[in-house]
Amino acid sequence: MKWRGAARLLGESRAQATVEMAVVTPVLMVLALIVYNVMLFSSAVARFDRVAPDIVLAQAVSPVGSEGADAGSVAAGEVASQLEDAMVGYDVEIEVSCESASGGGGTSLLSMVGSLHTYRCVMRMRPWPTGVSIAGVSLGAPAFLTHERPVTIDPWRPGVIV
């Protein structure tokens, strides 16, 4: 009996966990969203890193229907479309650019020899949720998660990544 009287003097001892749960639940939900987005992004990065060199080797060593200076841009477009097809399960944006190791178009004899080509494959993913708005407050991350995979190939040795 004395214990009940002391509990009344100190305050109600029941329903303490309800208040704690109300404070902790939003924090746990935010942490769960962060973990979900990190796991989804790491899964997308693993697939992207696995397929990007294979697609660059298959499409960019000898691009179809292109000769000369625009061969790298045509191959980059084909690599980008193939990468988008390979990343179908993920909501990502793919961008591919081609850089040549030669300094530019010169008149020397070495300018006629094909140089190394570096294809920069960039994957951008917007974390979930993106377009949710509650009471005029938009929820979601304002930035993209970005991953870059450069692949350097030698046009004279097909199937070789430098």
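Residues numbered from 1 in each chain as written. Predicted model: local features only at pLDDT ≥ 70, side-chain atom pairs only at ≥ 80, totals over all residues. Heavy atoms only, no water.

### Observations concerning the overall build of the protein
So, step 1. When you go through the protein residue by residue, the secondary structure sums to three helices and five strands.
So, step 2. Out of the 162 residues belonging to the protein, those deemed buried represent 25%.
So, step 3. Across the protein, the fraction of contacts at a sequence separation of at least 24, relative to all contacts at a separation of at least 6, is 64%.
So, step 4. In the form shown here, the protein has an accessible surface area of approximately 11,200 Å², with 62% of it arising from carbon and sulfur atoms. (Helix = DSSP H or I, 4+ residues; strand = E, 2+ residues; numbered from the N terminus. Buried < 20%, exposed > 50% of the residue type's maximum accessible area, 1.4 Å probe, protein only. Contact = heavy atoms within 4.5 Å. Areas by Shrake-Rupley, 256 points an atom, 1.4 Å probe, with all protein chains shown as cover.)

### Re the sheet that holds strand 1 (residues 92-100)
So, step 1. What the three strands build is an open sheet, ordered 1-2-5; its pairing is antiparallel. This sheet does not close on itself; its edge strands, each paired only once, are strand 1 and strand 5 (145-153). Direction aside, the axes of adjacent strands within the sheet are offset by 15° on average.
So, step 2. In terms of strand pairing, strand 2 (residues 117-125) meets strand 5 through nine bridges, oriented antiparallel. For Met125, the partnering residue across the bridge sits in strand 5 and is Leu145. (Pairing = 2+ DSSP bridges. Axes fitted to C-alpha atoms, helices over the stretch in contact; angles between N-to-C directions.)

### A look at the nonpolar core
So, step 1. Membership of the largest hydrophobic core comes to 26 residues, with the highest contact counts inside it found for Leu83, Val96 and Met123.
So, step 2. At the level of secondary structure, the elements contributing two or more residues to this core comprise helix 2 (16-60), helix 3 (71-86), strand 1, strand 2 and strand 5.
So, step 3. Each residue touching Leu83, except ones within four places of it in the same chain, is listed here: Phe48, Val51, Ala52, Ile55, Ile94, Val96 and Cys121. (Core = buried A, V, L, I, M, F, W, Y, C linked by side-chain atoms within 4.5 Å.)

### What about the side chain of Thr152?
So, step 1. Relative to the elements of secondary structure, Thr152 occurs in strand 5.
So, step 2. Given the relative accessible area of 18%, Thr152 is considered buried.
So, step 3. Within the structure, Thr152 has its side chain in polar contact with the side chain of Thr118 (distance 3.0 Å). (Polar contact = N/O pair within 3.5 Å; in protein donor to acceptor, adjacent residues only side chain to side chain.)

### A closer look at the side chain of Thr118
So, step 1. Examined against the element boundaries, Thr118 turns out to sit in strand 2.
So, step 2. Apart from residues lying up to four places away in sequence, Thr118 is in contact with Ser97, Cys98, Glu99, Pro150, Val151 and Thr152.

### Regarding the environment of Asp54
So, step 1. Looking at where Asp54 falls in the secondary structure, it is placed in helix 2.
So, step 2. Judged by relative accessible area, which is 51%, Asp54 ranks as exposed.
So, step 3. C-alpha separation for the pair Asp54 and Val79, spaced 25 residues apart in sequence, amounts to 9.9 Å.

### Structural notes on the pattern of salt bridges
So, step 1. For the structure on display, the rule yields four salt bridges.
So, step 2. In this structure, Glu99 and Arg120 form a salt bridge, with 3.5 Å as the shortest nitrogen-oxygen distance. In this pair, Glu99 is assigned in strand 1 and Arg120 in strand 2, connecting sequence segments 21 residues apart.
So, step 3. Of the charged contacts, one joins Arg120 and Glu148 as a salt bridge, the two residues approaching to 3.4 Å between their closest N and O atoms. Here Arg120 is found in strand 2, whereas its partner Glu148 is found in strand 5, with 28 residues between them in sequence.
So, step 4. Judged by its relative accessible area of 42%, Glu148 falls in the partly exposed class.
So, step 5. Overlapping salt bridges, with partners in common, bring together Glu99, Arg120 and Glu148 in one network. (Salt bridge = Lys/Arg side-chain N within 4 Å of Asp/Glu carboxyl O.)

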